[in-house]
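# Analysis of the macromolecular model
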Number of protein chains: 2
Amino acid sequence: MKHMYLNNLPLFDAKALYFAHLRKAGVSARTETVPAADACGRVLAHAVYAKICSPHYNASAMDGVAVRAADTFGASERSPLTLTPQMYRVVDTGDPIPDGFDAVIMVEDLTDAPDGCFRILSGVHPWQNVRQVGEDVCMGDMIALSDTTLTPALCGALLAGGITEVEVRRRPLVGIIPTGDEIVPPTDAPQTGEIIEFNSAVFRGMIEEYGARAKTYPIVPDRREAISDALRTALAECDVVLISAGSSAGRDDYTSEIISSLGAVVVHGLAIKPGKPAVLGEVGGKPVIGLPGYPVSAIVVMTEIVSEVLSLYGATAPQPPQTVRAVLGQKLVSSLKYTEYVRVALGRLGGKYLASPLPRGAGVITSFTKADGILTVAQNREGYEAGEEVDVRLLRPLSETERTLIVTGSHDPLIDEVCDLLRLRHASFRVSSTHVGSMGAIRAVKSGLAHMGAIHLLDSETGEYNKSFVRRAFPDGGAVIERGVGRVQGLMVQKGNPLGIREFRDVQNVRYVNRQRGAGTRILCDHLIAANGMRAETISGYDNEEYTHTGVAALIAAGNADAGLGIYSAARMYDLDFIPICRERYDFLIDKKYKDDAMVRAFLATLRSAACRERLSRMGGYDTEG
Amino acid sequence: MKHMYLNNLPLFDAKALYFAHLRKAGVSARTETVPAADACGRVLAHAVYAKICSPHYNASAMDGVAVRAADTFGASERSPLTLTPQMYRVVDTGDPIPDGFDAVIMVEDLTDAPDGCFRILSGVHPWQNVRQVGEDVCMGDMIALSDTTLTPALCGALLAGGITEVEVRRRPLVGIIPTGDEIVPPTDAPQTGEIIEFNSAVFRGMIEEYGARAKTYPIVPDRREAISDALRTALAECDVVLISAGSSAGRDDYTSEIISSLGAVVVHGLAIKPGKPAVLGEVGGKPVIGLPGYPVSAIVVMTEIVSEVLSLYGATAPQPPQTVRAVLGQKLVSSLKYTEYVRVALGRLGGKYLASPLPRGAGVITSFTKADGILTVAQNREGYEAGEEVDVRLLRPLSETERTLIVTGSHDPLIDEVCDLLRLRHASFRVSSTHVGSMGAIRAVKSGLAHMGAIHLLDSETGEYNKSFVRRAFPDGGAVIERGVGRVQGLMVQKGNPLGIREFRDVQNVRYVNRQRGAGTRILCDHLIAANGMRAETISGYDNEEYTHTGVAALIAAGNADAGLGIYSAARMYDLDFIPICRERYDFLIDKKYKDDAMVRAFLATLRSAACRERLSRMGGYDTEG
């Protein structure tokens, strides 16, 4: 079988090579002229100087009458002065000061007198109540520097200075060519083997954030000629071309050889993870980049390479990356073979920022949707210890992190429902929820890594839920339990229960799917195994671990397994049969420090609201009494 | 003359009244359905749950062969195992795992053997190298909460979860009606009395920042019927209408009565500065707002009222305002009559943020282009002392402020040129430059309010520039002088010098325009007055003060004055005659602490660069020797 190894070039070297190549190939900023009134958000190619003054004539700053200041000297309450019609001209705000006049008396200070005269009780000095020429902008003054992104106010200042058109950086057009035999346009009913093409939508959004424009071409199958033709078409229309998937060195990976045949491949294979199989090329003076098919890999290459390629066109003003110093919530191991980009969730607890690594799989796009930042683990590092301080590059403003409630622990879809209701009630609060299991929740609250944790822990000896575990973990208090809900746990099995499973001991003879170590449901499983005198080693699939109830349900529905423990609502969602095993308490453990925190109170109030009850009753299997 | 007084309603009360009215009138969020692939940047109306799992079938995570894990147990380097063709199926990344198979061995781990067999040196466990159903997203999982702004990654996650369309908040359409007899479309050659209509461009940009869409209607003259017709047209097409100018209570101010006649005026006149003459109205269930004609006033009403009105439509996710605690650089007096919004420049010096108030005139749009933040002075405060800590609402990211070099002092256009060149060389540095005169520069550096100051101070006794002043201000050192340029100061007079001015003493008999107290050029003026045995009180226009050389030149060119002191380049820009008076040193005073600061060094290096020399020689009147 054909297999080629890629390069493993450190990113720094790869970028140095590639950008030197692109500059030599003539990649650089272009400009275009646009009306200043439509230039908001565009980047100025050059400094702009006012062509005229603003105001460009002496303008009345008030409604009133224009006068000669010298005529009004000496007017006072004791000796009012009468303005005869020859001594004034009526002016409104913005009107030019008539020739020979040099000040304005405002209408509030005028008293009507006979024969079209006015009486005044005080004089004005020259240019009083007049916006003199150039008050705002003087002709010749620099209004905006080169490379400035025009704000609404700047557009106004340009127009005020007589600038009707501005030369701005042209926004490069980026062509996106999705490739792959298995790729289909967005659908809610893909066939087995069909992969929904969503990467191009992600790229398009990112490209627009980088100040460029995107054009997505139709999906091209994995045929050399077809991809080659699509590339030629895109090159004729675009400034930059991205070829999505096919960037590795497998049987159907043509990107590299096609770019080679039309131009130059500068780098193929980066020492980064995810994102290794990228192709950095150039054809006819235009960057052509092969992006990996895995979405997370592709996003990393977009962030690390494509954003910089697009910055060569100068269409967005350079923004320094925003970083924050954070404490790492758990140990992180990385390889010396590459620089790794780890998505992290951020929270602020006890005056510090905490970074919690998210799932690292290259196919897990949801790790990006939940991420608040990126932790870069340099190639020469084997990782970080829990508690170490690290620099995290922000993906969203830190102010959002400040208002984030960190809820961790056992998975239950109800947490998402509470988050959603909370968001509708308290728009400024965010919740970051992660699934680390009930034992993970206790550890996290104990180590100050979460405001609160969700737990359902059965004490095999007492048959009691949660209390004994918390007493053991917090012998001196330090955490409180807030009552959550009761819920039904049971065995989820294929629709119609074809294997005739009746009770837990029946899993001995089928393919089981388990939850991860530390999960409350795993503890329940081990309790049931012991109670039934079974042995874990003999259960097929005991080592097949999922992190959520829906994850277990999905595998049973897909036929990867025959049975697994989970809550009723998950079984119902997947239309599985459900064999109830027990009712359990799903409660919330709260660090005593945060017991009266506004976000914690709001979370609990939302949990106990009628709206939440209604959602839970629709999901089924919950008991919200008390 | 007709004059009506407006209300002076505190903003809080005005908003309470207005928003209660709008809610009662039925103003609320509307939704629309858009393709998920195009929904980036839109705000979700509801929580979205995955319709399918992603992956939705068990997919190979690698190029290689699918096997039954059980077949491979026991393979090792010592006892390699041979996979016969019946034992495997070739799969590429993303291919479905064929029925009956449950793991993948990657191509790198296969050794070719005869008869289509492969040899392997280690086994795989069930589901190894397989992306099991739901690895990324499980059907039924909540992918995104209500009111979430969709990021590129979230759009990807939605599509991965089988969501092809999403219900998002409709972006309201805001109609803008510019009014006024004196208003003309953007031009670089307005006639006297014509005012360039730039407010609508500013509003448009702001409206888009608020997540809405804008439609600008043609300019309408100050006629009741015309404005009324324009409003009716806009109401038929838009969700919200803004009427620009005419919102006060003068002769030609019709906004309030027109809104009254068609619907309701809820508030007319706010206790805010700038922004007082705003009209908050409603017609047929749609907000109609009369904005003041002065751009700064209008921007304040946009920020304080219109942004909140638009937030009722839910088209942008609520963003908490970002604020920073800063030390006020100078005393600020405000009135008890209103809440005042003061634009401030921000800098970071000595570990603290410093806020310097910018010009407060309602017509000075450039105060917004230079502003980094807004200081709100509550109605019940008479102001703040210099050095007091205040909260500043940010207009740009704080990270930009961190990288801002603060240069203050004497005005010279060369500073703008250095800033521009600096920006082209060091994209991440920003410069904040303000004109406070040479004495102001010394005070600012001494009080730690600026990194560096520009000074040109003539010591009347010694005839020496700058040194003696700095020695007096910093008797123990603490600041150093870096050599800047030599420049020519002189009298600027009308083109052709119609009044036959020959030397400084001739200003006695003409209309003079002066610079502000503390400016080096003002000190030169006073020195010349004394040296010529003149008296300031007798010079007409001695009290007419401008802050910049171009400001003085503009007034002479406009005929407001006959002569003023300034530098050659300003005279040349305005095509004025110039009578040289002296050559002076224009130097930079630098706080010793910042002498080796990277931004300070970069500024000075840029000042001394060939590119800068070339720009200065084009401007004329500078001596860059040494």
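Each value, and the rule that gives it
Residues numbered from 1 in each chain as written. Chains lettered and ligands numbered in written order. Predicted model: local features only at pLDDT ≥ 70, side-chain atom pairs only at ≥ 80, totals over all residues. Helix = DSSP H or I, 4+ residues; strand = E, 2+ residues; numbered from the N terminus. Rg over C-alpha atoms; globule rule 2.2 N^0.38 Å. Buried ≥ 20, exposed ≤ 12 C-beta atoms within 10 Å, placed from the backbone. Contact = placed C-beta atoms within 7 Å. Pairing = 2+ DSSP bridges. Axes fitted to C-alpha atoms, helices over the stretch in contact; angles between N-to-C directions. Nonpolar A, V, L, I, M, F, W, Y, C, P; charged D, E, K, R; others polar. Least-squares fit on C-alpha atoms with pLDDT ≥ 70 in both. pLDDT = per-residue confidence, 0-100. Domains from an automatic or database assignment. Expected span 1.5 Å × (residues − 1). Arc of directions from axis to C-beta. Parallel < 35°, antiparallel > 145°, perpendicular 65-115°, else oblique. Left-handed = near helix turned anticlockwise from the far one by under 90°.

## Digging into the overall build of chain A
Helix and strand counts for chain A stand at 17 helices and 37 strands. Since a compact globule built from 626 residues should have a radius of gyration of about 25 Å, the 34 Å found for chain A marks it as more spread out than a globular shape. In terms of overall dimensions, chain A has a C-alpha envelope of 115 × 70 × 45 Å along the principal axes. Buried residues in chain A amount to 55% of all 626 residues. In chain A, of all internal contacts separated by at least 6 residues, the share reaching a separation of at least 24 is 76%.

## A word on the sheet that holds strand S21 (residues 286–291) of chain A
Through backbone hydrogen bonds, the strands of a sheet pair up, either in parallel or in antiparallel fashion. Residue and element names in this part refer to chain A. Taken in spatial order, the six strands make up an open sheet running S16-S13-S17-S21-S20-S18, and their pairing is mixed. Of all the strands in the sheet, the pair left with one neighbour each is strand S16 (213–216) and strand S18 (264–268). Each adjacent strand pair in this sheet contributes to an overall mean axis angle of 20 degrees, direction not counted. One ladder, built from five bridges, connects strand S20 (residues 279–283) with S21; its direction is antiparallel. For valine 283, the partnering residue across the bridge sits in S21 and is lysine 286. In the packing of helix H5 (residues 224–237) onto the sheet, contacts are made with strand S13 (173–178), S16, strand S17 (240–244), S20 and S21, and the angle to S13 comes to roughly 165 degrees.

## So, unusual backbone geometry
Proline 55 of chain A follows serine 54 of chain A through a cis peptide bond whose omega is -10 degrees. Within the element layout of this structure, proline 55 of chain A appears in the loop between strand S2 (48–49) and strand S3 (59–60). Of note, the amide linkage connecting lysine 273 of chain B to proline 274 of chain B takes the cis form, showing an omega dihedral of -10 degrees. Tracing the backbone shows proline 274 of chain B in the loop between strand S19 (272–273) and strand S20 (279–283). Even without glycine at this site, tryptophan 127 of chain A takes up a positive phi of about 70 degrees. Positioned with a positive phi, asparagine 497 of chain B is a non-glycine residue whose angle comes to about 45 degrees. Residue position: asparagine 497 of chain B is located in the loop between strand S32 (479–493) and strand S33 (514–515). With 17 C-beta atoms packed within 10 Å, asparagine 497 of chain B lands in the partly exposed category.

## Focus: the interface of chain B and chain A
How big an interface is tends to be expressed through the accessible area that disappears when the partners come together. Every contact between the two is made by 98 residues of chain B and, on the other side, 98 residues of chain A. When contributions to the side of chain B that touches chain A are tallied by element, the ones reaching two or more residues are helix H3 (152–160), strand S15 (195–196), helix H4 (199–209), helix H7 (295–311), helix H8 (366–369), helix H10 (413–425) and helix H14 (549–558) of chain B. Examining the composition of the side of chain B that touches chain A, we find that eight residues originate from one element, H3 of chain B, more than from any other. Split into classes, the residues belonging to the side of chain B that touches chain A amount to 49 nonpolar, 31 polar and 18 charged.

## Concerning the relation of the copies chain B and chain A
The operation relating chain B to chain A is a screw motion whose rotation component is 180 degrees, with 0.0 Å of axial translation and a residual RMSD of 0.1 Å. The transformation relating the two chain copies, once decomposed into turn and shift, fits a two-fold axis. It is proline 397 of chain B whose C-alpha, among those of chain B, lies nearest the rotation axis, at 4.7 Å. When the interface residues of chain B are mapped onto chain A, 100% of them are again interface residues, pointing to one common binding face.

## Topic: the sheet that holds strand S5 (residues 81–83) of chain A
Residue and element names in this part refer to chain A. Taken in spatial order, the three strands of this open sheet run S5-S9-S8, and their pairing is antiparallel. Edge positions in the sheet fall to S5 and strand S8 (111–113), since each has one partner strand and no second. Averaged over neighbouring strand pairs, the angle between their axes works out to 35 degrees when direction is ignored. With three bridges joining them, S8 and strand S9 (residues 117–120) adopt antiparallel strand pairing. Within the sheet, the bridge partner assigned to threonine 111 lies in S9 and is arginine 119.

## Let's talk about the confidence of the model for chain A
Per-residue confidence for chain A gives a mean pLDDT of 94; residues scoring 70 or more make up 99%. As a predicted assembly, this complex carries a pTM of 0.93 together with an ipTM value of 0.94.

## Quick word on the domain arrangement of chain A
Annotation of chain A at the domain level lists domain 1 (11–28 + 171–311), domain 2 (31–55 + 135–169), domain 3 (59–131), domain 4 (323–395) and domain 5 (433–623). The distance between the C-alpha centroids of domain 2 of chain A and domain 4 of chain A comes to 42 Å.

## Let's talk about helix H5 (residues 224–237) of chain B
All names here are of chain B. Under the 1.5 Å per step criterion, the end-to-end length of H5 is 20 Å for 14 residues, consistent within 8% with the ideal 20 Å. Among the residues of H5, Ile227, Ala230, Leu231 and Ala234 are the ones counted as buried. When H5 is viewed along its axis, its buried side chains cluster within an angular range of 100 degrees and face the same direction. Across H5 from its buried face, at more than 90 degrees, point the exposed residues Glu225 and Ala236. Buried residues in H5 make contact with strand S13 (173–178), strand S17 (240–244), helix H6 (255–262) and strand S21 (286–291).

## Digging into the environment of tyrosine 338 of chain A
Here tyrosine 338 of chain A lies in the loop between strand S23 (332–333) and strand S24 (339–349). Sequence-distant contacts of tyrosine 338 of chain A, defined by excluding residues within four places in its chain, comprise Ala271, Ile272, Lys273, Lys276 and Gln379 of chain A.

## Considerations on the pairing of strand S35 (residues 563–567) of chain A
Residues and elements named next belong to chain A. Along S35, five of the five residues are buried, which leaves the element largely enclosed by surrounding structure. Across the two faces of S35 the burial is the same, with Ala563, Leu565 and Ile567 and Gly564 and Gly566 all buried. Of the pairings in the sheet, the one linking strand S32 (residues 479–493) to S35 comprises five bridges and is antiparallel in character. Paired with glutamine 489 across the two strands is isoleucine 567, which belongs to S35.

## What about the packing of H4 of chain B against H7 of chain B?
All names here are of chain B. The N-to-C vectors of H4 and H7 enclose an angle of 20 degrees; their axes lie 11 Å apart at closest approach. Comparing the axis directions of H4 and H7 gives the class roughly parallel. When the axes of H4 and H7 are compared, the crossing they make is right-handed. Counting all contacts with H4, which are made through Asn199, Val202, Phe203 and Met206, the residues of H7 involved are Pro295, Ala298, Ile299 and Met302. Classifying every residue of the contact of H4 with H7 gives seven nonpolar, one polar and no charged.

## Digging into the environment of proline 10 of chain B
Residue and element names in this part refer to chain B. Looking at the secondary structure, you find proline 10 in the segment before helix H1 (11–24). Judged by local crowding, proline 10 falls into the partly exposed class, with 16 C-beta atoms found within 10 Å. Filtering out sequence-adjacent residues up to four positions away, proline 10 remains in contact with Ala271 and Gln379.

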